[in-house]
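Observations on the three-dimensional arrangement
Each chain, written out:
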Amino acid sequence: VQLVESGGGLVQPGGSLRLSCAASGFTFGSYGMGWFRQAPGKEREIVATINWRGGITYYADSVKGRFTISRDNAKNTMYLQMNSLKPEDTAVYYCAAGVSGMIMMVSSASYWGKGTQVTVSS
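I will try to describe carefully the structure that is included in this document. Quantities reported herein were computed from a predicted structural model and do not represent experimental measurements. (Residues numbered from 1 in each chain as written. Predicted model: local features only at pLDDT ≥ 70, side-chain atom pairs only at ≥ 80, totals over all residues. Heavy atoms only, no water.)

1. Quick look at the pattern of salt bridges
Under the convention used in this document: Any Lys or Arg side-chain nitrogen found within 4 Å of a carboxyl oxygen on Asp or Glu counts as a salt bridge. Three labels apply to residues, based on accessible area from a 1.4 Å probe with only protein chains included: buried if under 20% of the type maximum, exposed if over 50%, partly exposed otherwise in between.
In total, this model carries four salt bridges according to the counting rule given. Linking Arg37 and Glu45 is a salt bridge whose minimum nitrogen-to-oxygen distance equals 2.8 Å. Glu45 gets classed as partly exposed once you look at its relative accessible area, which sits at 37%.

2. Digging into unusual backbone geometry
Applied cut-off: Every helix listed is a DSSP run of H or I at least four residues long, and every strand listed is a run of E at least two residues long, numbered separately from the N terminus.
Not every positive phi belongs to a glycine, and Asn76 is a case in point at roughly 55°. The exposure class of Asn76 is partly exposed, given its relative accessible area of 28%. A positive phi angle is found at Ser84, which is not glycine, with a value near 50°. Turning to its location among the elements, Ser84 is positioned in the loop between strand E8 (77-82) and strand E9 (91-98).

3. Thoughts on the nonpolar core
Cut-off, in case you're wondering: Nonpolar cores are built from buried Ala, Val, Leu, Ile, Met, Phe, Trp, Tyr and Cys residues. Side-chain atoms within 4.5 Å join them into one set. Only heavy atoms enter the contact rule, under which two residues are in contact if any of them lie within 4.5 Å.
In this structure, Met33, Trp35, Met78, Leu80, Met82 and Tyr93 are the most contacted members of the largest nonpolar core, which totals 30 residues. At the level of secondary structure, the elements contributing two or more residues to this core comprise strand E3 (17-24), strand E4 (32-38), strand E5 (45-50), strand E7 (67-72), E8, E9 and strand E11 (116-120). Contacts of Met78, omitting those with residues within four sequence positions, involve Leu19, Ser20, Cys21, Phe28, Met33, Gly34, Trp35, Ile50, Ile69, Ser70, Arg71 and Cys95. Residues Phe36, Ile46, Ile103 and Ala109 belong to the second largest nonpolar core, which totals five residues.

This is the structure we're talking about:
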């Protein structure tokens, strides 16, 4: 099983980034997927999740209206479009997969990627 995140980097406040998570080694279309993040000295927290078919999504209040999660089951890939980025969005962003319909907490994930750094700074 592999989850490989990409698309992170340094961006100015107000800017945008698009993260991707390429999955392999399991039946991607049967798993709920999610994005989590962890800032230095803080616990890993949920950012956004999406069900296996892509019809149901959930966003943390801190990113609602700015981030959009999506998936392409034909490409075994999940995305996170991040707009209007703020310094407090700075963190390592992790891709996760879970057998439950929706991943709502860290303990619900079965597989994790290694993460991609997002830094929002002027």
